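Coordinate inspection notes
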Amino acid sequence: MSNYDVIVVGGGAAGIMAAGRSAENGKNVLLIEKMNYLGRKLGITGKGRCNITNSIPLDEFIAKVKPDGEFLKPAFSKFYSTELINFFNSIGVKTILERGGRVFPESGKAVELVKNFTNWCKSKNVSIQTNCQVTDILLKNDTVIGVKTIVIENGKENRISFYGKKVIVATGGASYPATGSTGDGYKLAKSLGHKINPIFPSLVPLEIDKNIVKPLAGLELKNVKATIFIEGKLTDVEFGEMNFTDFGVSGPIILSLSRKVVASLIEKKNVQLVIDLKPALSETKLDNRIARDIESLKKENYRMILNKLLPKQLIPFFIKITQIDASKMASKISVEERLKIRNTLKSIRFKITGSRPFSEAIITAGGVDLKKINPETMESKIVKNLFFAGEILDLDAPTGGYNLQIAFSTAWIAGS
Ligand SMILES: Cc1cc2nc3c(=O)[nH]c(=O)nc-3n(C[C@H](O)[C@H](O)[C@H](O)COP(=O)(O)OP(=O)(O)OC[C@H]3O[C@@H](n4cnc5c(N)ncnc54)[C@H](O)[C@@H]3O)c2cc1C
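For every chain, the first residue of its written sequence is number 1, and the numbers climb from 1 along that sequence. The model is predicted, so local features are restricted to residues of pLDDT at least 70 and side-chain atom pairs to those at 80 or more, both for listing and for counting; the totals for chains, interfaces and linings are taken over all residues. With hydrogens and water stripped out, all remaining heavy atoms of the structure feed into the side-chain values.

Here a residue is near a molecule or strand as soon as one of its heavy atoms is found within 4 Å of it. Not every one of the 35 residues close to the ligand is listed here, only the nearest: Ala14, Glu33, Ser181, Asp184 and Leu404. Residues adjacent in sequence count toward polar contacts only when both atoms are side-chain atoms; beyond that, a polar contact is any pair of N or O atoms within 3.5 Å, and within protein one must be able to donate a hydrogen and the other to accept it. Separating a nitrogen atom of the ligand from a backbone N or O atom of Val134 is a distance of 3.0 Å. Per-residue and other accessible areas were derived by the Shrake-Rupley procedure at a 1.4 Å probe size, with only the shown protein chains allowed to occlude residues. The fraction of the free accessible surface of the ligand (990 Å²) that becomes covered by protein chains is 96%. Helix and strand assignments follow DSSP, with helices taken as H or I runs no shorter than four residues and strands as E runs no shorter than two, numbered in order from the N terminus. Among the secondary structure elements, those contributing two or more residues to the shell around the ligand are α1 (13–24), α2 (45–48), β7 (132–140) and α14 (402–415). Tallying contributions element by element places α14 first for the shell around the ligand, with 4 residues. For the shell around the ligand, the per-class residue count stands at 15 nonpolar, 15 polar and 5 charged. The classification used treats Ala, Val, Leu, Ile, Met, Phe, Trp, Tyr, Cys and Pro as nonpolar, Asp, Glu, Lys and Arg as charged, and all other residues, Gly among them, as polar.

Printed below as a string of structure tokens:
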């Protein structure tokens, strides 16, 4: 019955690694991918540059992983960023280290990495079946024996079962479904008795009332501080770059803040985003600076003062929220108004009304509950010979190469 030693479901970052690793160990492996080629999502990661990992110390990495980074310790103790970099170097992908410990292929081309990675997998004699969607995992006496699939050939659907001694499910999450990651694995896992912790989009842009943000669409802010208040309580702070869109806010610091925000929005909590446009200046220093500007431009109007303090596109919005007449002579600006300008520069407040959908989320939070997975092997504690790897697991982390390292490490362990 068993044609294969191992069947890997899903040919993304985790699936390619698990299949190649298993074949390297002498196993007869079948890799099944729903789309017409492997590594679709991997090819668009890191804005087409693929941030494969991060070089931060293991403990710091683990602390960034939600909901339980400790789960990764056994996997990371065997296959961490150094091992991953060595692996890619050994298959002809030279790497470079960038700001914030981020590691990229030196070529700057994710598609080239995918090519080398896929060729490595093929060189280990892995059988690859594309255009093939796994619909069920077959069991006999609570043990895996294979998978049921729908294969598309010449536009026709054929139902085929493949038999194998072990199955590794690496179907990814539910984000960017156009890449093939449509959340199938959650249904497969659930049908076998695994608990799926609620999934939600993460590393995702956030929405604000369109009427409020529309005039700001396209505005990019650098070196700002963004603070999140949930039910009035300060919960998270990030410094860096963000931008406004016609639906709300996006950019690196917003994506980083999004996990807690989306989780809170699901619980119907009140979420406020507060932007400090001048985080490098204390309130006193900023007040002195505004006072100096007013003094040196005393014959100009309020709008001209703001020219020195803000990007042009932000000025009409700022005038509106400070409720100070744009044509007011600088010399007529009262102390109270000056303090209002300062306070607004330090905290522009927006109510977050929602998040963008899975189709725009870098990662899916939630997934297969870790309690029923053996962290040493990634094997299910419920079904014998069933393994999981990658984003399908209830593990997620911020941007910076962490999510791919999680996929590669869990896959390497499962493949081993
Ligand atoms: C735009 C974008 C940029 C990103 N950039 C980075 C980055 O630079 N660094 C980083 O660390 N992370 C990044 N990520 C996150 C990272 O890509 C994922 O965490 C990672 O790809 C997860 O790997 P995976 O193999 O578990 O899932 P995936 O890569 O999603 O692969 C799953 C595969 O399974 C296939 N599949 C699904 N269901 C079935 C089925 N029923 N039968 C057969 N096949 C199936 C899918 O077609 C897919 O090919 C990015 C994500 C996105 C969307």
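Moving on from the coordinates now.
What follows deals with the nonpolar core. Definition of nonpolar core: a set of buried residues of the types Ala, Val, Leu, Ile, Met, Phe, Trp, Tyr and Cys, connected through side-chain atoms within 4.5 Å. Each residue's exposure class comes from its accessible area (1.4 Å probe, protein chains only) as a fraction of the maximum for that residue type: buried when under 20%, exposed when over 50%, partly exposed otherwise. Grouped together as the largest cluster of nonpolar side chains are 82 residues, with contacts concentrated most on Met17, Phe88, Phe117 and Phe408. A contact between two residues is defined here by any heavy atoms of the two lying within 4.5 Å. Once residues within four sequence positions are removed from consideration, Phe88 is found in contact with Ile52, Val93, Leu113, Phe117 and Phe408. One finds Ile228, Ile275, Ile319 and Ile341 within the second-largest nonpolar core, a separate group that totals 49 residues.

Any two strands with at least two DSSP-identified bridges between them are counted as paired. In space, the 3 strands of this open sheet follow the order β3-β5-β4, with antiparallel pairing throughout. Sheet topology places β3 (53–54) and β4 (95–98) at the edges, where each strand pairs with a single neighbour. Pairing between β4 and strand β5 (residues 102–105): 4 bridges, direction antiparallel. The residue of β5 that forms the bridge with Glu98 is Arg102.

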